[in-house]
Amino acid sequence: MSESAWAGVAATVDGVPVSLDEVDAREASLRASRIASSLPRPGTSEGRQLRRWLTQILVAERVVATEAAARRLNVVDAPSEAEVLPDMTVRMEIGSVAASVLADPLARAVFAEVSAGIDVADDEVASYRERNPLRFSNTADVTAHLRAAARRRAFRLWLDARCAAAVELAPGYEHPGDPRQPDNTHRH
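The name an unreviewed UniProt entry gives the protein is Malonyl CoA-ACP transacylase, with Mycobacterium lehmannii as the organism.

Draft legend 1. Main features of the nonpolar core. Among the nonpolar cores identified, the biggest contains 38 residues, and V63, V64, L102, V110, F155, W158 and L159 are the most heavily contacted of them. Listing elements by their share of this core, those giving two or more residues are β1 (9–13), α2 (45–70), α4 (88–94), α5 (96–101), α6 (105–114) and α8 (139–166). Tallying contributions element by element places α2 first for this core, with seven residues.

Draft legend 2. Structural view of the side chain of Q56. Considering the arrangement of structural elements, one finds Q56 in helix α2. For Q56, a relative accessible area of 12% translates into the label buried. Apart from residues lying up to four places away in sequence, Q56 is in contact with V97, L169, Y173, E174, H175 and P176.

Draft legend 3. Structural detail: the pairing of β1. Extensive coverage of β1 is indicated by the burial of five of its five residues. Here β1 runs beside strand β2 (residues 16–19); their pairing, made up of four bridges, is antiparallel. From the neighbouring strand, A11 faces β2, where its bridge partner is V18. The turn joining β1 and β2, which pair antiparallel and follow one another in sequence, is formed by two residues; a positive phi near 50° is taken by D14.

Draft legend 4. Structural detail: the sheet that holds β2. With respect to topology, three strands assemble into an open sheet ordered β2-β1-β3, the strand pairing being antiparallel. Of all strands in the sheet, those with a lone pairing partner are β2 and β3 (167–169), marking the two edges. For this sheet the average axis-to-axis angle between neighbouring strands, irrespective of direction, equals 25°. Strands β1 and β2 of the sheet are contacted by helix α1 (residues 20–31), whose axis makes an angle of about 40° with β2. Contacting β1, β2 and β3, α2 runs over the sheet at an angle of about 25° to β1.

Draft legend 5. Representation of the pattern of salt bridges. What the rule picks out here adds up to twelve salt bridges. Taking the shortest distance from any N to any O, the salt bridge between E113 and R71 comes out at 3.5 Å. Here E113 is found in helix α6, whereas its partner R71 is found in the loop between α2 and α3 (81–84), with 42 residues between them in sequence. For E113, a relative accessible area of 40% corresponds to the partly exposed category. With relative accessibility at 34%, the residue R71 sits in the partly exposed group. Overlapping salt bridges, with partners in common, bring together D24, E27, R31 and R51 in one network.

Calculation notes
Residues numbered from 1 in each chain as written. Predicted model: local features only at pLDDT ≥ 70, side-chain atom pairs only at ≥ 80, totals over all residues. Heavy atoms only, no water. Core = buried A, V, L, I, M, F, W, Y, C linked by side-chain atoms within 4.5 Å. Buried < 20%, exposed > 50% of the residue type's maximum accessible area, 1.4 Å probe, protein only. Helix = DSSP H or I, 4+ residues; strand = E, 2+ residues; numbered from the N terminus. Contact = heavy atoms within 4.5 Å. Pairing = 2+ DSSP bridges. Axes fitted to C-alpha atoms, helices over the stretch in contact; angles between N-to-C directions. Salt bridge = Lys/Arg side-chain N within 4 Å of Asp/Glu carboxyl O.

In structure tokens:
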């Protein structure tokens, strides 16, 4: 899209615009919450990075909602958030965008569908037990732990791939980690 075609738009998902108004509303909601004092000031490099991150969440939510509609999913059989994201380590492992999206029960229904066929092999379980003999008391717990991790990984990879295929970001709304955008601070 040309620069002028992006007026008022932060991104598109399957060609459908995600408006700057949606990003503004999400930012305003965050700034009105209890975490407001920990947020960067608007207009700063960090503030622009926050808007990029919020855009990532908005497009991921849109991708998941589109998938849920295509699969005719509902929230009735969705796993709980605690089942999918039981602790902070798991939230960090799956990434902030995917973890934020999974707060929605409909996203967890998509998670369940996308990762339903994921399992772990007996040799993976045995290898894990050998490397971590004191972590779990029985094989079933190891299997459940490894299966849950594999399912999260499968969902994250699905979400990343689907977003890469469906999302186009406007100039200035690139991924926060994109080294080509001017506010990226991740250096090696």
